[in-house]
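# Coordinate inspection notes
Chain by chain, the residues run as shown.
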Amino acid sequence: MKYPYLAQQLVWGHDMVFWMHSPKSESWYGDPVLADWDIPLHSLIRPGDVVLDVGANEGWTTCVFARAVGPEGWVVAVEADANNVLMLMRNVEANRLQGRVTIRHRAAADATGRKLHVLHEVIQAQGAPVLSVRLDDVVNRADVIKMDVEGYELFALQGAERLLGTCRAVEVELHNGPGVNAQRMYGHEPRAVFDLLLGCGLAVHVHQIGRLWDGKTIPEGGCIYGVRAETKEAAA
């Protein structure tokens, strides 16, 4: 197969297309795709929602969310890596979703206007420059927030205090265990993200394990897992 090419996919009942430009994109967005996010996010998003896609990567989730929210909804995609932003734009255009999607080339953080650097999709001491932004400064309202920012989740969530107080649900990817220490790279443990979400009055659920988190144990063993935090009403 010659790159790039458009691949057709049926996602959540929607016919969609996505640009495949390398073996990496095929491995990430091939079929089946988004095993970590697919089932839990499908149950969270409703027509007319405002969805904040933080760490939008090449736009797979952004496009799927835009179809799910319908013509009355809105998706704001925040992505720090410039190369990803270009593919994100192409995938949004390929699916004719420009009217439902706003793209921000920024790094979600606890302050707006700082100059950060991104290298291989990770915020590091060196790399391509990108400006930071607090998510509270991006939108006035978000019904659902999806976040996958390679260990930078705590800082991104600290910049979303107002949104966390009003949103219906948050879905965060976390890494934990030996050799998978994305959060520890920035000086904190995954537990800090749990504590922040619990402190917002949200019910926290580790959906890949399929049980309510008991407030004392966090999955170990080098795993990558999704954490869903919902209002008590939404979780009931």
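No experiment lies behind these values; they were computed from the predicted model shown.

### Observations concerning the sheet that holds strand β6 (residues 107-108)
- Reading across from one edge, β6-β9-β7-β8 is the order of the 4 strands in this open sheet, with mixed pairing throughout. Pairing within the sheet leaves two strands with one partner each, and these edge strands are β6 and β8 (122-124).
- Of the pairings in the sheet, the one linking β6 to strand β9 (residues 128-133) comprises 2 bridges and is parallel in character. Along β9, the bridge assignment pairs A108 with V133.

### Here's the deal with the pairing of strand β7 (residues 115-119)
- Only one face of β7 is buried, namely the one carrying L116 and V118, since none of K115, H117 and L119 on the opposite face is buried.
- Two strands pair when backbone bridges link them, and β7 and β8 are joined in this way by 3 bridges, in the antiparallel orientation. In the sheet register, H117 faces β8, and the bridge partner there is Q124.
- In textbook terms, the turn of a hairpin is the stretch between consecutive antiparallel strands, and for β7 and β8 this stretch comprises 2 residues, one of which, H120, has a positive phi near 55 degrees.

### Description of the nonpolar core
- Ranked by internal contacts, the top residues of the largest apolar core, which has 43 residues, are L52, L135, I145, M147, L164 and L197.
- Sequence-distant contacts of I145, that is, excluding residues within four places in its chain, are made with L52, V54, L163, L164, C167, A169, V170 and E171.
- With 28 residues, the next largest nonpolar core counts A7, V51, V101 and V144 among its residues.

### Notes on the environment of D136
- If you trace the backbone, D136 turns up in the loop between β9 and β10 (144-147).
- Residue D136 is classed as buried on the basis of its relative accessible area, which comes to 10%.
- Here the alpha-carbon distance between D136 and Q158, two residues 22 residues apart in the chain, equals 9.5 Å.
- Residues within four places of D136 in sequence aside, it is in contact with G159, A160, E161, R162 and L163.

### A short note on the environment of K24
- Checked against the element boundaries, K24 lands in helix α1 (residues 23-29).
- Apart from the residues lying within four places of it in its own chain, the contact partners of K24 are E58 and E121.

### Section: the side chain of D49
- Mapped onto the fold, D49 is located in the loop between α2 (38-42) and β3 (50-54).
- Classification of D49 as buried rests on a relative accessible area of 5%.
- At a separation of 2.8 Å, a polar atom in the side chain of D49 contacts the main-chain amide nitrogen of R46.
- If sequence neighbours within four positions are ignored, D49 has contacts with L44, V69, G73, W74, R141, D143, V144 and R168.

### Observations concerning the pattern of salt bridges
- The tally for this structure, following the rule as stated, stands at 7 salt bridges.
- Ionic pairing is found between D53 and K146, a salt bridge with its closest N-O pair at 2.8 Å. With D53 in strand β3 and K146 in strand β10, this pair connects stretches of sequence that are 93 residues apart. In this pair, the class of D53 matches that of K146, namely buried.
- Of the charged contacts, one joins D136 and R134 as a salt bridge, the two residues approaching to 3.5 Å between their closest N and O atoms.
- What makes R134 partly exposed here is its relative accessible area of 23%.

Rules behind the numbers
- Residues numbered from 1 in each chain as written.
- Predicted model: local features only at pLDDT ≥ 70, side-chain atom pairs only at ≥ 80, totals over all residues.
- Heavy atoms only, no water.
- Pairing = 2+ DSSP bridges.
- Helix = DSSP H or I, 4+ residues; strand = E, 2+ residues; numbered from the N terminus.
- Buried < 20%, exposed > 50% of the residue type's maximum accessible area, 1.4 Å probe, protein only.
- Core = buried A, V, L, I, M, F, W, Y, C linked by side-chain atoms within 4.5 Å.
- Contact = heavy atoms within 4.5 Å.
- Polar contact = N/O pair within 3.5 Å; in protein donor to acceptor, adjacent residues only side chain to side chain.
- Salt bridge = Lys/Arg side-chain N within 4 Å of Asp/Glu carboxyl O.

Purely geometric numbers; function is a separate question.
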